[in-house]
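Summary of structural features
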Amino acid sequence: MEALAVRLSGLDPHVEGALRIVAFYDTLMRRRVDLPALARASAGLAECVTGVGLHGTGRTIRVAPDGREAAGPAGPASGSAPVVLDEEEIGRVWLERSGPAGPLDEVLLDRLALAVAGAVERYGPARTTMADPALVELVISAETDEAARARALRLLGFAAGPPVRVAAVRSPRLPLDQVSGVVCPGRPVKAARIGRVGVILASAVDRTLFPAGVRAGIGAADKPDLAWREARTALRLTTAREPVLDHADLGALALLAEVPREVLRDNPDVAALIRVAGAPGHPEEETKETQEALESRETLDTLEAYCAAGSLRRAADALHLHHSSVARRIGLIGRALSVDLTTPTGLTRARVALTAWRLLDD
């Protein structure tokens, strides 16, 4: 370390100091110091008031350079950094210089934030929402034996007794920990990302609180592995009009998830819908009239609205269109599907075909 600092100091006058800061915090972490000790050491190193704050507990530590608790209200931070644990911001660290930030303050804050995260993980309470994906996967896997599942739930902070609710989530904008905090306020909740899908484990989930832009499926079974399977099925059947679905509300439609994909794909109604929707891998051409009249998104929006409403006028209201325009679209879609969508049987066939298409469009 010393030899490297000497060689690099000729290139950058601050490199030697930065390396010394890194070594300083490495030593503190090896000695497993707690949060007050970290704050005292950092204040002495920075020669200014240093603060550590944790969001979950509301705990704040402010220490003066002499090692005593800083007196008076907190001054403006000359620099700060987030404390991140399990991909979730659990707090912040900052310096309160009377003048401008020092040239090495960014390095100091970065290393202090890492040390604080390590201390919180070691001594607690971490109170994070995001959890170890390996533990969450043990809970929801069908291959986990019940003893291992119960142990994983205990490690995640869930008490034995009440069943754990499971939700499968797609959230392209909001971080998963924020979504979890909104839909499970004040309750034990843990989340992790398994592949492209987020998993929420909670004592209760309020489906009405999911933010806009988030899609979610909620399992109904008491066993977490079965509930996860149900939650994924419900997620696959969500739409822009129904972004959150509870598996318990799917009824007989959930049976389609048990049908092999190739069987669904070969069904004439589903195959016709795939062609109309312009799904890749299905190059069959439609008539010029139909192709010009129906863009894939417009087709699905119209058919989904009509199936959900059950009538042309209610579908027109939902789409903000004149009912004659919707009637023309439904007629074109019906001819493309070879189904009379104005009859109860035709409407049922369209609903089932749409559900199967969503399952195929995984």
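Refer to the structure presented above.
Residues numbered from 1 in each chain as written. Predicted model: local features only at pLDDT ≥ 70, side-chain atom pairs only at ≥ 80, totals over all residues. Heavy atoms only, no water.

Concerning the pairing of strand β8 (residues 215–218)
The condition that has to hold: For two strands to be treated as a pair, DSSP must find at least two bridges joining them. Where helices and strands are cited, they refer to DSSP runs of H or I of at least four residues and of E of at least two residues respectively, numbered from the N terminus.
Across 4 bridges, the pairing between strand β5 (residues 165–170) and β8 is antiparallel. Directly across from V169, in β8, lies its bridge partner A216.

Let's talk about the side chain of K190
For the record, the criterion: Whether a residue is buried, partly exposed or exposed follows from its accessible area with a 1.4 Å probe, protein chains only, as a fraction of its type maximum: under 20%, in between, or over 50%, in that order.
Turning to its location among the elements, K190 is positioned in strand β6 (residues 189–194). In this structure K190 comes out as buried when scored by relative accessible area, which is 15%.

Description of the sheet that holds strand β7 (residues 197–202)
The strands making up a sheet are joined through hydrogen bonds of the backbone, oriented either antiparallel or parallel. What counts, and what does not: To define axes, lines are fitted to C-alpha atoms, for helices over the stretch in contact only, and angles between the resulting N-to-C directions are given on a 0 to 180 degree scale. Pairs of residues are marked as contacts when any of their non-hydrogen atoms sit within 4.5 Å.
Taken in spatial order, the 5 strands make up an open sheet running β6-β7-β5-β8-β9, and their pairing is mixed. Bordering the open sheet on either side are β6 and β9 (244–246), each of which pairs with just one other strand. The sheet shows a mean angle of 20° between the axes of neighbouring strands, taken without regard to direction. Here β6 pairs with β7 via 6 bridges, running antiparallel. Counterpart to K190 in the pairing with β7 is L201. Lying over the sheet, helix α5 (residues 133–140) contacts β5, β6 and β7, oriented at roughly 95° with respect to β6. Together, β5, β7, β8 and β9 form the strand contacts of helix α8 (residues 224–236), whose direction differs from that of β5 by roughly 35°.

Re a negative patch on the surface
Spelled out, the test is: Patches draw on residues past 30% relative accessible area with no salt bridge. Two like charges within 9 Å are joined, as are two nonpolar side chains (Val, Leu, Ile, Met, Phe, Trp, Tyr) within 5 Å. Surface accessibility follows the Shrake-Rupley procedure with a 1.4 Å probe radius. Residue values consider only the protein chains on display as shielding. A pairing counts as a salt bridge when a side-chain nitrogen of Lys or Arg comes within 4 Å of a carboxyl oxygen of Asp or Glu. A residue counts as positive if it is Lys or Arg and as negative if it is Asp or Glu; His and the chain ends are not included. Just so you know, the charge point we use is NZ for Lys, CZ for Arg, CG for Asp and CD for Glu.
Where like charges cluster on the molecular surface, the negative patch consists of D86, E87, E121 and D132. Structurally, the position occupied by E121 is in helix α4 (residues 105–123). Since its relative accessible area comes to 54%, E121 is described here as exposed.

What about the sheet that holds strand β1 (residues 49–54)?
Spatial ordering of the open sheet is given by β2-β1-β4-β3, a layout of 4 strands whose pairing is antiparallel. Two strands close off the open sheet at either side, each with one partner strand: β2 (60–63) and β3 (79–85). Within the sheet, the average angular offset between the axes of one strand and its neighbour, ignoring direction, is 15°. Across the face of the sheet, α4 comes into contact with β1, β3 and β4 (88–96) while running at roughly 30° to β3.

Things to note about unusual backbone geometry
At R32, a position not held by glycine, the phi torsion is positive, near 55°. If you trace the backbone, R32 turns up in the loop between α2 (15–30) and α3 (35–46). The phi dihedral of S338 falls on the positive side, at around 60°, and the residue is not glycine. Within the fold, S338 resides in the loop between α14 (323–337) and α15 (344–360). Note on S338: relative accessible area 62%, which makes it exposed.

Remarks on α8
Spelled out, the test is: Working rule for helices: expected span equals 1.5 Å times residues minus one.
Compared with an ideal rise of 1.5 Å per residue, which puts 13 residues at 18 Å, α8 spans 18 Å between its outermost C-alpha atoms and is within 8% of the ideal. Of all the positions in α8, only P224, D225, A227, W228, E230, A231, T233, A234 and L235 are classed as buried. Residues of α8 that are buried sit in contact with α5, α6 (146–155), β5, β7, β8 and β9.

A few points about the nonpolar core
We count it as follows: Nonpolar cores were defined as sets of buried Ala, Val, Leu, Ile, Met, Phe, Trp, Tyr and Cys residues, with membership established by side-chain atoms within 4.5 Å.
One finds L273, L303, L337 and L341 to be the most contacted residues of the largest nonpolar core, which totals 36 residues. For this core, the secondary structure elements donating two or more residues are α10 (268–277), α12 (296–309), α13 (312–319), α14 and α15. For this core, the element with the most residues is α15, which contributes 8 residues. Those residues in contact with L341, other than ones at most four positions away along the chain, are L303, Y306, I330, I333, G334, G346, L347 and A350.

Considering the environment of V166
Note that V166 resides in strand β5. C-alpha of V166 to C-alpha of A202: the two residues are 36 residues apart in sequence and 6.7 Å apart in space. For V166, the contacting residues outside a window of four places in its chain are I140, V199, I200, L201, G217, I218, G219, P224, A227, W228 and A231.

Points about the side chain of R149
Using the following cut-off: Between N or O atoms, a polar contact is any pair within 3.5 Å; within protein, one atom must be a potential hydrogen donor and the other a potential acceptor, and residues adjacent in sequence are included only when both atoms are from side chains.
You can see R149 is positioned in helix α6. A polar contact is formed between the side chain of R149 and the backbone oxygen of T144, at a distance of 2.8 Å.

Limitation: the analysis is restricted to geometry and does not speak to function.
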